[in-house]
Amino acid sequence: MHLFEAIVAANRRRVAGEKSASVPVAEFGAALPIAALTCIDVRLNHLLPDMLGLPEEQFIWLRNAGNIVTGPVSSTMRSLAMACAIKGAREIAIIGHSDCLVGKTTAMQLLDRLAALGVERRRLPENLVEYFGLFGTERQNVLKAVDFVRASPLIGARVPVHGLVIDLKSGQLEWLVNGYQGFQSVARPVSKVGRMLQKADDTLETLGQIGSLAVGELKFPETKIGEIVQTGHDWVHKAEQAATVIEDKVGPKPAGASDPPPLLPSLADRLKAATRRTQK
Ligand SMILES: [Zn+2]
């Protein structure tokens, strides 16, 4: 049995009234602690630890409004990466919840609330829905976040990434994305996720080879107000656009150089070529 199978089983028993139901931690030491990203909703403060059935030292808790992940290298992603690398988290869970106000708030309502607080519209990005991560359904939002985490070059392929939603009334967990199955699919080179991870890995490795000059010029999508990426695939596309920006800044290609191929796998090569021209 895997850790999250035990978590879900203990949760079922708690919902059924067995107050002492918890995960037998001693059996799952190799899978603990976990890192969980949830919403800031205060109704989760006591409910979530109770319903996960884990002792608090086995539960690294990250929170933001709407448990959103805006991209594979966003600040939330960096915290998840550090939770794994520094704090030893072995598995990741994105846990949405029912009745999430981030999902229920419209752009107009948010604008009104912000205006009441003295925030000027002209200083906000054009697309508030994308920028603040307002979403249609909690499930869809969790699936999107899991997609980003799986595509992230900051998270190793050996870390299972789960997606769940908790019902605030009953405390019942619904397991939307089984990270153990995702782990298996990564091992298959033909899988979409596997290819995405490889591309993202290539990109990060290449960015690491670029000097501080070029990196200083490179704006990741999340830092560009109003430009938000929706999926890991979008992020790779934006990174490819960034490669074009670098190429523009370091000047034209040397005479005789061939045009870079336009497809995504060419990104690493294009960045490397741009780097070489930067260093000349
Ligand atoms: Zn919420």
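Check the entry above for the structure.
What counts and what doesn't
Residues numbered from 1 in each chain as written. Predicted model: local features only at pLDDT ≥ 70, side-chain atom pairs only at ≥ 80, totals over all residues. Heavy atoms only, no water. Helix = DSSP H or I, 4+ residues; strand = E, 2+ residues; numbered from the N terminus. Buried < 20%, exposed > 50% of the residue type's maximum accessible area, 1.4 Å probe, protein only. Contact = heavy atoms within 4.5 Å. Areas by Shrake-Rupley, 256 points an atom, 1.4 Å probe, with all protein chains shown as cover. Pairing = 2+ DSSP bridges. Axes fitted to C-alpha atoms, helices over the stretch in contact; angles between N-to-C directions. Core = buried A, V, L, I, M, F, W, Y, C linked by side-chain atoms within 4.5 Å. Donors = N, O, S within 2.8 Å, 3.2 Å for Na, K, Ca; no water. Polar contact = N/O pair within 3.5 Å; in protein donor to acceptor, adjacent residues only side chain to side chain. 1 Å grid on protein atoms, 1.4 Å probe; cavity = no way out; pocket = protein on both sides within 12 Å on 5 of 7 lines; lining within 4 Å. Points joined across faces, edges and corners; volume = space filled by probe spheres on them. Nonpolar A, V, L, I, M, F, W, Y, C, P; charged D, E, K, R; others polar. Salt bridge = Lys/Arg side-chain N within 4 Å of Asp/Glu carboxyl O. Right-handed = clockwise from strand over helix to strand, strands pointing away.

1. What to know about the overall build of the protein
Okay, step 1: Counting its secondary structure elements, the protein contains twelve helices and five strands.
Okay, step 2: Relative to its 280 residues, the protein shows a buried fraction of 46%.
Okay, step 3: At a minimum sequence separation of 6, the contacts of the protein that also span at least 24 residues come to 73%.
Okay, step 4: If you sum the accessible surface of the protein, you get close to 14700 Å²; carbon and sulfur atoms cover 55% of it.

2. Some words on the sheet that holds strand S1 (residues 34-38)
Okay, step 1: The strand order S2-S1-S3-S4-S5 describes an open sheet built from five strands, whose pairing is mixed. The two strands at the open ends of the sheet, each matched to only one other strand, are strand S2 (59-63) and strand S5 (173-177). Recorded for the sheet is a direction-independent mean angle of 25° between the axes of neighbouring strands.
Okay, step 2: Note: strand S3 (residues 91-97) against strand S4 (residues 161-166), six bridges, orientation parallel. Looking at the pairing, His97 lines up with Ile166 of S4.
Okay, step 3: Here helix H1 (residues 3-15) sits on the sheet in contact with S1, S3, S4 and S5, set at roughly 150° to S5.
Okay, step 4: Strand contacts of helix H3 (residues 75-85): S1, S2 and S3, with the helix running at about 170° to S2, the strand carrying the most contacts.

3. Overview of the nonpolar core
Okay, step 1: Leu3, Ile34 and Ile95 are the most contacted members of the largest nonpolar core, which totals 35 residues.
Okay, step 2: Of all the elements in the fold, those that place two or more residues in this core are H1, S1, helix H2 (44-52), S3, helix H5 (107-116) and S4.
Okay, step 3: Setting aside its immediate chain neighbours within four residues, Ile34 contacts Leu3, Phe4, Leu52, Leu54, Gln58, Phe59, Ile60, Ala89 and Glu91.
Okay, step 4: Ala35, Met77, Ala89 and Ile92 belong to the second largest nonpolar core, which has 23 residues in total.

4. Details of the coordination of the zinc ion
Okay, step 1: Coordination of the zinc ion by the protein comes from Cys39 (SG), His97 (NE2) and Cys100 (SG), over a distance range of 2.0 to 2.2 Å.
Okay, step 2: Spacing between the donor residues of the zinc ion along the chain follows C-x57-H-x2-C. One exposure class covers both His97 and Cys100, and it is buried.

5. With respect to the side chain of Asn64
Okay, step 1: Tracing the chain through its elements places Asn64 in the loop between S2 and H3.
Okay, step 2: Asn64 gets classed as buried once you look at its relative accessible area, which sits at 15%.
Okay, step 3: Of the polar contacts made by the side chain of Asn64, one reaches the side chain of Thr76; its length is 3.2 Å.
Okay, step 4: Every residue in contact with Asn64, bar those within four places of it in the chain, is listed here: Leu37, Thr38, Cys39, Ile40 and Thr76.

6. Examining the layout of surface pockets
Okay, step 1: By volume, the largest pocket amounts to about 390 Å³.
Okay, step 2: Taken together, the residues of the lining of the largest pocket sort by class into nine nonpolar, two polar and three charged.

7. Quick notes on the pattern of salt bridges
Okay, step 1: Applying the stated criterion to the full structure yields six salt bridges.
Okay, step 2: Note that Arg43 and Asp41 form a salt bridge whose closest N and O atoms lie 2.7 Å from each other.
Okay, step 3: The partner of Glu174 in a salt bridge is Arg139, with the nearest N and O atoms 2.4 Å apart. Of the two residues, Glu174 is situated in strand S5 and Arg139 in helix H7 (residues 138-151); the sequence distance between them amounts to 35 residues.
Okay, step 4: A residue is classified by how much of its surface remains accessible, and Arg139, at 40% relative accessible area, is partly exposed.

8. With respect to the environment of Ser152
Okay, step 1: Note that Ser152 resides in the loop between H7 and S4.
Okay, step 2: Spatially, the C-alpha atom of Ser152 lies 4.2 Å from that of Pro72, the residues being 80 residues apart in sequence.
Okay, step 3: From its side chain, Ser152 meets the backbone oxygen of Pro72 in a polar contact 2.6 Å long.
Okay, step 4: At 3.0 Å, the side chain of Ser152 forms a polar contact with the backbone nitrogen of Leu154.

9. Structural notes on the pairing of S1
Okay, step 1: Burial analysis of S1 places five of its five residues in the buried class, the great majority of the element.
Okay, step 2: Neither face of S1 is exposed, since Ile34, Ala36 and Thr38 on one face and Ala35 and Leu37 on the opposite face are all buried.
Okay, step 3: Where S1 lies against S2, five bridges are found, and the strand directions are parallel. Looking at the pairing, Leu37 lines up with Leu62 of S2.
Okay, step 4: A crossover links S1 with its parallel partner S2, the connecting element being H2, and its sense is right-handed.
Okay, step 5: One ladder, built from five bridges, connects S1 with S3; its direction is parallel. Opposite Ala36, over in S3, you have Ala93 as the bridge partner.

These figures capture arrangement, not role.
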